[in-house]
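Survey of secondary and tertiary structure
What follows is each chain in one-letter form.
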Amino acid sequence: MPQFETVIGLEVHAQLDTDSKIFAYSAVSSGDSPNSHTDPVTLGLPGCLPVLNRRVVEFAIKAGLATNCSIQSESVFARKHYHYPDLPKGYQISQFDKPICLDGHLNVQTEAGEKKIGITRIHLEEDAGKSTHLETEDSSLVDLNRAGVPLIEIVSEPDIRSAEEAGAYVRQLRQIVRYLGVCDGDMEKGNLRCDVNISIRPIGEEKLGTKVEIKNVNSFRFVERAIEYEEQRQQAQLDQGEEIVQETRLWDEQRGATRSMRSKEFAEDYRYFPDPDLPIVKVDQAWIKKVKDSLPELPKEVFKRFQDIYKLDEYLSERLSEERYVASYFDEAVARHNNPQLLANWICTELFGRLNKENKEMTDCPVSPAHLAELVELIDKKTISGKIAKSVFDEMFKTGSSPASIVEKQGLKQISNSDELESVIDEIISANASQVEEFRAGKDKVLGFFVGQVMKATKGKANPQMVNEMLNKKLKG
Amino acid sequence: MAMELNKLSAVQMREGLLSGDFSAVELTKTHLEKIESSSKELNNFITVCSKEATDAANKADSLLKKDKSNCPKLTGIPIAVKDMLLTKGIRTTCSSNMLKDFIPPYSSTAVEKAEANGAILIGKTNHDEFGMGTSNENSYFGPVKNPWNLERVPGGSSGGSAVSIAAGHAAFSLATDTGGSIRQPASYTGVVGIKPTYGRVSRYGVIAFASSLDQVGPHTRTVEDAALILEAISGKDSNDSTSIDLPVPDFLKDLRVAKEQSLAGLKVGLPKEYFIEGLDKEVEESTRRAAKELEKEGAELVEISLPHTSAALPVYYILAPAEASSNLARYDGVRYGHRAAKISNLSELYEKTRSEGFGAEVKRRILIGSYVLSSGSYDAFYHKAQQVRTLIIDDFKSAFQNSCDVILAPVCPSTAFKIGGLVKSPLKMYLQDALTTPASLAGLPGMSVPFSTDSNNLPIGVQLIAPAFKEDILFKTAERLERVATIDTSIHC
């Protein structure tokens, strides 16, 4: 039996986070009552005409630049025809042979190291509406709120060889569009969705095998599982001497399998032709430059900066650069108090831990970066101990108050006054003669007992370093 | 006097209203009465807005009474509108069973502009379904008749619109022209018709036939009226990306200046390819005589060649159906319009709705259009036709660059033919468009001006074609022909 390799190309649809639709004035909004965001253009009324939303073009340029594409000075909208009740005009306005972005790539991180995955093109198009098929009644419902919502479709080269690579690629794309602020990347809501083109071929074979398209796979895990399933299915098919049928399949999460949707014989002829209602989209160098200048630092660059400038390790750099919001939170905190290492530790352990526990997003975080910086500064200045800091943090998370005010109000200031500490220590030593004996007999561990007693007496506020030094001195006395 | 009001031009009506010779109510009433007396037989209206028009006329009168000097330029003037242009709250059928009960929630920009200028909508006119036809026989509401001879067609697709002017039902009318739909009926019914430059008038709210060709323009009684109305409806519209952002000249004022001057220096091109075999002898004579008249006025006549003229018709009958097949895909019975009864599944809904909703000619063009766009024939048909379209555009460019300022040609090969005469031979019917489609494909302004009558006493128009956005040249040339025309255009008013 020959060994097979898998060849995968991905088509990722990202919903653009604009205020209004791609060709109409209605708002882009989800969750509202059906058909509340419609207008003559969205409804496909007779006589209506599309007018391109300029912001949509800007978002596509951003996505193109961030994925190393060349932005085309002229691109063309085309009509893609098919009949379905949630497609009001009987055609979808998309881009066909002249998309806005061409020839990009991403370098993704895999177990085996970095891998370059080509991006064939990015094109603009409008979304269709949503159909709901009622099981109890003999009818279907159509909601056109989503019709005309802007999308970009990012088409990869067939460079992907495994489920792992596919997952890494989609994760990175999602991270980029989120960083750019062009798409919220919510896969559950379908704001980012993925079609998988997959075929297998004997290793060493140049020619591609017959491909199968898996539609609308809406999570990273499903992408990976669908690919793994399909690899096995196709291999088993070939092993039995059967041929792969070119078809469209759907991922069925409940069954953990793909199933056939339609074969190529029933594939539609979309009768693409340039949309005569829309002029050629022209993007000049000045516009590209303006967008380029406005691009945020991308995740990879942030990751590298955290390692190089802040000297953080790979783990912390990665976690802090995952989301643009977290990265700028961290940057702001560091700007206020220059201890990146300690701030990074606090964010990645205490803050993330607490958010996770309360099922909150970073964007809902009650602790501001300024407050967190202040807290770490209090530790660094030895105003409070690390231990006290944790309870201060607790209060900060609950109330959103500043650490200084919490320390002040609750009298948590560390005792670093040697006179004050001395009288406490003297009292404890005289009250625990037997333990003093033990220590002097060489039982060093007893020191911990004394430290604990001092902390207890000062409600944890004693400066631990000073307590240690003074106890040692006095006990050895 | 009262009945004579129908014979006035819009410019004369304006003068009469301002000087108080008659009121807007009287004007509207006269037109409604005329409609009442002859529109049934002519079948040129699908909807008559008697009540709305009377209300609007009353308003116009109080406006005229209050402040004459600030009344917009079309105040109180009754207009008809082709039933392909949406009119908010007033049924807009597209002469189709598909939309026979469709009441639009918004108005087309052209209608909105006319109404903003004070015009009074008096009714919606009949036409070939979705603009597809040259005889006005392809309407769900039946054929329109030619007032010059009730056995003859008025031309199409904007037959009802042209007839409204010829029969004195309105001062002017708004129509659309895709391959000749304003110019050909104008010629057949003895009225003025102009198809402006593509992009001059917004297409927003105009039911689309072929988007890269459709253009709104008026049918009028005089050339001055055409200048007046075109200015009122032109201009960039943010709702139509293909409308052009260019200043709109005061066409009427410019025309009145040009009127006083000789045509010396104006080069009039006569394209030899337009004087084709099969061109009616009387039409040819009339056209050549029109040229001679311009020469008398000082113009210089030059013979020119537009070598790709014969390709225009096949190119048009590939591109227009292609775009139509796409534009008409939205009529599916789901959201509005006709919806088939008793259907059991989705494909049946589509099949039945569209089979019942569209007429034969519309179906024929959807089939042609779907075919030429299908993946197997796109290159051989649609793509090739686009390439040839460029050659046709280049023909005109080079003629206007090197030889002439305006082109003079016949509008159509013959005068109005008999109702039913060409129904059985669609190809002959399509040939009617041979001389109007070239300017459409090139996006150029074209005009038909009534000039003479043939031995059957049927009108013959003359076609003028100018460079893009040079409608002023059309007006000044057409007005010379109007002066010497040998046709009484008000005879049926």
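In this report, we go over the structure that sits alongside the text. (Residues numbered from 1 in each chain as written. Chains lettered and ligands numbered in written order. Predicted model: local features only at pLDDT ≥ 70, side-chain atom pairs only at ≥ 80, totals over all residues. Heavy atoms only, no water.)

**Observations concerning the packing of helix α14 (residues 433-440) of chain A against helix α16 (residues 464-476) of chain A**
All names here are of chain A. So the rule is basically this: For every element, the axis is a line fit to its C-alpha atoms; helices are fit only across the contacting stretch, and the angle between N-to-C directions ranges from 0 to 180 degrees. Secondary structure is summarised from DSSP: a helix means a run of H or I of at least four residues, a strand means a run of E of at least two, and numbering begins at the N terminus for each. Should an angle fall under 35 degrees it is taken as roughly parallel, and over 145 as roughly antiparallel, whereas 65 to 115 is taken as roughly perpendicular and any remaining angle as oblique. In what follows, a contact means two residues having at least one pair of non-hydrogen atoms within 4.5 Å. All residues other than Ala, Val, Leu, Ile, Met, Phe, Trp, Tyr, Cys, Pro, Asp, Glu, Lys and Arg, Gly among them, are scored as polar; the first ten of these are nonpolar and the last four charged.
Viewed as axis vectors pointing N to C, α14 and α16 meet at an angle of 85°, and their least axial separation amounts to 10 Å. With respect to each other, α14 and α16 are oriented roughly perpendicular. Along its contact with α14, which presents Val436, Phe439 and Arg440, the element α16 presents Asn472, Lys474, Leu475 and Lys476. Among the residues making up the contact of α14 with α16, the classes are represented as three nonpolar, one polar and three charged.

**What about the sheet that holds strand β1 (residues 45-48) of chain B?**
Residues and elements named next belong to chain B. The condition that has to hold: At least two DSSP bridges between two strands are required for those strands to pair.
Read from one edge to the other, the open sheet built from eleven strands follows the order β1-β3-β2-β4-β6-β5-β10-β11-β9-β7-β8, with strand pairing classed as mixed. Only two strands of the sheet have a single neighbouring strand rather than two, namely β1 and β8 (300-304). Recorded for the sheet is a direction-independent mean angle of 30° between the axes of neighbouring strands. By the bridge criterion, two bridges tie strand β5 (residues 192-195) to strand β6 (residues 215-220) in an arrangement that is antiparallel. What sits directly across from Gly193, in β6, is His219. Each of β7 (267-271), β8, β9 (406-410), β10 (446-453) and β11 (459-465) touches helix α9 (residues 281-296); the most contacted strand, β9, lies at about 150° to it. Helix-sheet contacts for helix α13 (residues 379-402) involve β8, β9 and β11, and the interaxial angle to β9 is about 125°.

**Observations concerning the packing of aromatic side chains**
Quick note on the threshold: When two rings of Phe, Tyr or Trp (its six-membered ring) have centres within 6.5 Å they constitute a pair, described as stacked for plane angles under 30 degrees, edge-to-face for angles over 60, and tilted for the intermediate range. The rule for a charge over a ring is simple: NZ of Lys or CZ of Arg within 6 Å of the ring centre, and within 35 degrees of the ring normal.
All chains considered together, the criterion is met by 26 aromatic pairs over all chains. Between Phe306 of chain A and Tyr310 of chain A, the aromatic rings sit 5.5 Å apart at their centres with planes inclined by 20°, giving stacked as the arrangement. Within the aromatic cluster, the residues linked to one another by ring pairs are Phe102, Phe130, Tyr331, Tyr336 and Phe358 of chain B. In this structure, Arg54 of chain A packs its charged tip against the face of Trp287 of chain A, placed 4.0 Å from the ring centre.

**What to know about the interface of chain B and chain A**
As a reminder, the rule being used: The term buried area means the drop in 1.4 Å probe accessible area that two parts suffer when joined, counted for both and summed. Within this document, salt bridges are pairs made up of a side-chain nitrogen of Lys or Arg and a carboxyl oxygen of Asp or Glu, the two lying within 4 Å of each other.
In this assembly, 38 residues from chain B lie in contact with 29 residues from chain A. Roughly 2,600 Å² of surface becomes buried between chain B and chain A when both sides are summed, with 57% attributable to carbon and sulfur atoms. Three residues stand out in chain B for area buried against chain A, namely Ser241, Arg330 and Arg335 of chain B, and they jointly supply 21% of the buried area on that side. Here chain B and chain A share one salt bridge between them. Two residues, Arg203 of chain B and Asp277 of chain A, come together in a salt bridge whose shortest N-O distance is 3.0 Å.

**What about helix α5 (residues 159-166) of chain B?**
Residues and elements named next belong to chain B. Formally: Burial here depends on accessible area, computed with a 1.4 Å probe over protein chains only, as a share of the maximum for the residue type. Under 20% is buried, over 50% is exposed, and the range in between is partly exposed.
Of all the eight residues making up α5, eight are buried; the element is thus mostly covered by neighbouring parts of the structure. Burial in α5 covers these residues: Gly159, Gly160, Ser161, Ala162, Val163, Ser164, Ile165 and Ala166. Immediately beyond the C-terminal end of α5, within one or two residues, lies Gly168, with a positive phi of roughly 70°.

Shape is all these values report; function is a separate question.
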